[in-house]
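Here is how the chains run, residue by residue.
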Amino acid sequence: MSRTPVLRAAVVGTGHRAQLYTRGLAERPGHVVAALCDPSPTRMAFHNRLLAETGAPAATPWEPDRFTELLAEEGIDEVVVTTVDAEHDRYIVPALKAGCRVVTEKPMTVDAGRCARILGTVRETGNSLTVAFNYRFNPVHEKVRGLLADGAIGEVLSVHFEWLLDVRHGADYFRRWHREKHHSGGLLVHKSSHHFDLVNWWLDDEPREAFGYGRLGFYGRDAGERHGLRRDYDRAHGADRAADDPFALDLAADDTLRALYLDAERDDGYLRDRNVFDGPVTIEDDMSVLVRYARGATMTYHLTAYSPWEGYRVMFNGSAGRLELEVEESRWQPPTRLASAAGAVHGGMAAEHAGGVRLTLRPLWKPPVDMPLAVAHEAHGGGDPRMLDALFGPVGATRPADTAAVAHPTATERDGALALAVGLAANRSFETGRPVRTDELITG
C-alpha cells in the first residue's frame, strides 16, 4: 500500500496574518509546516506553539539570510510568503528557482522593478505562483461575478467603487510598517490591490490607464495637530497620554499581540503601536482614482482610511441595467482604546457593530430585485477558509492532489501584476499630475 504524499511547507514571515497559513496547513493531511523563516525567534516560537496546539510537529526556525539554504536542507515543496510587502520578491524568486510552489499574500510586490523580476522568474522557471486574493472567495463577490458574466445588466460600461476603512481598521495602517511607502507601496498597493483584483475579475478585463489624486489629510503629525487629534507620545505602550486615546493600540492587553510584537521587540526593534498622528508617514489616507479598461469600461474608485463606518459600495452601469452592492462591515466604532486586533483590525471575526449586505439588480424598464445572499462577516466575508480549501485542499482531504478538485479562480502572477498596476499607475499619477498607462510600469 502506497504512503500518502506529504508536501513540506515553509512559512516566511510569522506575523499576525501568517497564523492563518500555519494553522491551515497543519490542519490539512498531506501538508506539514517544516520550516519557519523570520528575523524574530520570538515570533517563530509563537507559531511553533500554534503547531503544537494542532498536534503537529515543531517547524525548524531559520533566519532570512539563510532562506536558500532552508529550501535545500528542509526539502521544501511549497512556500507561503507573508512578510513585509517590499520583501516578497526576496523569497518568491529563489523559491520559484528551487522548483517550489509559491503562495504569496497580496500585494504580490510594491513596485515595477520587483514585479518584473517576479514575472521574469515565473517565465524562466515555468513554476507556479499564486497571489492570495481572499476577497475572490467571498460568496457575495462570486454572486456579483456570476450575474455580470450571465449578462444581467448587459455590457458593463462603467463602475463606481467606494471603499471605507473605519477609524479602527484604517488607523492600524498608520501604526505599523505600512505607513512608510517604501515598505508597502501605500494603501493603493497594499489594501486596494484586493479591490482592483476584484474589478479585473468581475469584468474579466485588464486595466490600461489610471489617473488619481491622493493626500495625507487625516493621519500624520500635521493633520493631527490641525484637527486637534494629536497627543504627544511616540508609541502607545507605556505612554500615559495614550491611556484613553481611541487611536492607540494596547499591545499588552492582547495575548497574541503581546507574544508576536511586544515580546519580540528585543529581536528586531519593530514597534507595532506607533502614534498615528506622528511621523514619519509617507502614505496617503484619502485617494481618488479613475481607471480605463481594455474594452472601454471606466471605473471611479475612492478609498477613505478614516471613516466612521467600514464597508464598501460598488455599482455597475450596463447596457441593460445596473447592479448595486452595499456592505456594512462595521456600522460605527466606540471611542475606546483598541485592545485587540483580531476582528476590528484584521477581519478574522465579525465586527462588534457589523451591519448588513444588500445586492440589488435594477434592470431597465422593470422593478428592482433584491438578490438573495449567503452572508458571513467573519474571516473576510467567509473568504479565508474557502481560499485555504482552494490552495491546499479541504481539511478532510486525504492527499494534496485533492486541491485540484476544488474549482475556484485562484489568482496567478499575472492577476497579481494587473492588480498592482492600477495602484502603481495611480501613485505615479499623484506625482506627475497626468494619466499613466499601466504598460509604462508593468510589461509581460
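Residues numbered from 1 in each chain as written. Predicted model: local features only at pLDDT ≥ 70, side-chain atom pairs only at ≥ 80, totals over all residues. Heavy atoms only, no water.

- The protein chain goes by Dehydrogenase in an unreviewed UniProt entry, where it is assigned to Streptomyces variegatus.
- A UniProt comment under Sequence similarities (unreviewed entry) is attached to the protein chain, and it reads "Belongs to the Gfo/Idh/MocA family." (UniProt positions renumbered as here; feature names shortened; annotations may be inferred.)

1. Describing the domain arrangement of the protein chain
In step 1: What the domain assignment reports for the protein chain is domain 1 (7–131), domain 2 (138–219 + 281–381 + 409–440) and domain 3 (222–268).
In step 2: If you average the C-alpha positions of domain 1 and of domain 2, the two centres end up 27 Å apart.
In step 3: Opposite the 18 residues of domain 1 that make contact, domain 2 presents 21 residues.
In step 4: Counting each side, the surface lost to burial between domain 1 and domain 2 is near 1500 Å², with a carbon and sulfur contribution of 65%.
In step 5: Taken together, the connections running from domain 1 to domain 2 amount to zero salt bridges.
In step 6: Taken together, domain 1 and domain 2 are joined by four residue pairs in polar contact (both at pLDDT 80 or more).
In step 7: Listed by contribution, the elements that provide at least two residues to the side of domain 1 that touches domain 2 are α5 (112–125) and β6 (129–132).
In step 8: Per element, the largest residue contribution to the side of domain 1 that touches domain 2 is four residues, and it comes from α5.
In step 9: Looking at side-chain class alone, the side of domain 1 that touches domain 2 contains 11 nonpolar, three polar and four charged residues. (Domains from an automatic or database assignment. Contact = heavy atoms within 4.5 Å. Buried area = accessible area lost by both parts, 1.4 Å probe. Salt bridge = Lys/Arg side-chain N within 4 Å of Asp/Glu carboxyl O. Polar contact = N/O pair within 3.5 Å; in protein donor to acceptor, adjacent residues only side chain to side chain. Helix = DSSP H or I, 4+ residues; strand = E, 2+ residues; numbered from the N terminus. Nonpolar A, V, L, I, M, F, W, Y, C, P; charged D, E, K, R; others polar.)

2. Comments concerning the environment of Val156
In step 1: Along the polypeptide, Val156 turns up in strand β7 (residues 156–166).
In step 2: With relative accessibility at 16%, the residue Val156 sits in the buried group.
In step 3: Remark: the alpha-carbon pair of Val156 and Gly296, spanning 140 residues in sequence, is separated by 9.3 Å.
In step 4: Not counting residues within four places of it along the chain, the set of residues in contact with Val156 comprises Leu148, Leu203, Ala297, Phe316, Asn317 and Gly318. (Buried < 20%, exposed > 50% of the residue type's maximum accessible area, 1.4 Å probe, protein only.)

3. Focus: the sheet that holds strand β11 (residues 310–318)
In step 1: Taken together, nine strands build an open sheet; the order of strands is β14-β13-β12-β11-β7-β10-β9-β8-β16 and the sheet is mixed. Where the open sheet ends on each side, the last strands, each with one partner, are β14 (369–370) and β16 (436–437).
In step 2: Examined bridge by bridge, β7 and strand β10 (residues 298–307) share eight bridges and lie parallel to one another. Within the sheet, the bridge partner assigned to Trp163 lies in β10 and is Leu303.
In step 3: Each of β7, β11, β12 (321–330) and β13 (357–363) touches helix α6 (residues 139–149); the most contacted strand, β12, lies at about 175 degrees to it.
In step 4: Each of β8 (207–215), β9 (286–293) and β16 is contacted by helix α16 (residues 413–432), which is oriented at about 50 degrees to β8, the strand it contacts most. (Pairing = 2+ DSSP bridges. Axes fitted to C-alpha atoms, helices over the stretch in contact; angles between N-to-C directions.)

4. Considering the nonpolar core
Looking at soluble globular proteins, one finds that nonpolar side chains tend to be buried together.
In step 1: By size, the foremost hydrophobic cluster in this structure holds 88 residues, and its most contacted members are Val79, Trp202 and Phe316.
In step 2: If you tally residues by element for this core, the top one is α16, at nine residues.
In step 3: Of the domains in this structure, domain 1 (7–131) and domain 2 (138–219 + 281–381 + 409–440) are the two that each give at least three residues to this core.
In step 4: Beyond its immediate sequence surroundings of up to four residues, Val79 is in contact with Ala10, Val12, Phe67, Leu71, Ala95, Cys100, Arg101, Val102 and Val103.
In step 5: Ala9, Leu20, Tyr21 and Met387 belong to the second-largest nonpolar core, a separate cluster that totals 20 residues. (Core = buried A, V, L, I, M, F, W, Y, C linked by side-chain atoms within 4.5 Å.)

5. A short note on the sheet that holds strand β3 (residues 60–62)
In step 1: As summarised here, the arrangement of the seven strands in space is β3-β2-β1-β4-β5-β6-β15, forming an open sheet in which the pairing is mixed. Looking at strand neighbours, the two that pair on one side only are β3 and β15 (411–412), the edges of this open sheet.
In step 2: With four bridges connecting them, strand β1 (residues 7–12) and strand β4 (residues 78–81) associate as parallel partners. Its bridge partner lying in β4, Val11 is registered against Val80.
In step 3: Its contacts with the sheet place helix α15 (residues 383–392) against β2 (31–37), β4, β5 (101–105) and β6, and it is angled at close to 165 degrees to β5.

6. Quick notes on the packing of aromatic side chains
In step 1: Evaluation of the coordinates by the stated rule reveals 17 aromatic pairs.
In step 2: Ring pairing ties together the aromatic residues Tyr135, Phe161, Trp163, Phe196, Trp202, Tyr301, Tyr312 and Phe316, which thus form one cluster.
In step 3: Stacked on the ring of Tyr261, the Lys or Arg Arg272 has its end atom at 5.5 Å from the ring centre. (Phe/Tyr/Trp six-rings, centres within 6.5 Å; stacked < 30°, edge-to-face > 60°. Lys NZ or Arg CZ within 6 Å of the ring centre and 35° of its normal.)

7. With respect to the UniProt feature "domain: Gfo/Idh/MocA-like oxidoreductase N-terminal" (unreviewed entry) in the protein chain
In step 1: Mapped onto this numbering, the UniProt entry gives "domain: Gfo/Idh/MocA-like oxidoreductase N-terminal" (unreviewed entry) at residues 7–133.
In step 2: Measuring from the first to the last C-alpha atom of residues 7–133 gives 22 Å, for a span that is 41% helix and 23% strand.

8. Let's talk about the pattern of salt bridges
In step 1: Counted under the stated rule, the structure contains 40 salt bridges.
In step 2: The partner of Arg43 in a salt bridge is Asp38, and the shortest N-O contact between them spans 3.2 Å. In this structure, Arg43 and Asp38 share a single accessibility class: buried.
In step 3: Here Arg90 and Glu87 are joined by a salt bridge, their closest N and O atoms 2.9 Å apart.
In step 4: Overlapping salt bridges, with partners in common, bring together Arg221, Glu225, Arg230, Asp232 and Asp278 in one network.

9. Some points on the UniProt feature "domain: Gfo/Idh/MocA-like oxidoreductase C-terminal" (unreviewed entry) in the protein chain
In step 1: Under the present numbering, the feature "domain: Gfo/Idh/MocA-like oxidoreductase C-terminal" (unreviewed entry) in UniProt falls on residues 146–331.
In step 2: Secondary structure content for residues 146–331 is 25% helix and 31% strand, while the C-alpha to C-alpha distance between its ends is 28 Å.

10. A short note on the side chain of Asp285
In step 1: With respect to the element layout, Asp285 can be found in the loop between α13 (265–268) and β9.
In step 2: Buried Asp285, no salt bridge; nearest opposite-charge side chain is Arg215, N-O distance 6.2 Å.
In step 3: At a separation of 2.9 Å, a polar atom in the side chain of Asp285 contacts the main-chain amide nitrogen of Gly217.
In step 4: Of note is the side chain of Asp285, whose polar atom sits 2.7 Å from the backbone nitrogen of Phe218. (Lys, Arg positive; Asp, Glu negative; His and termini not counted.)

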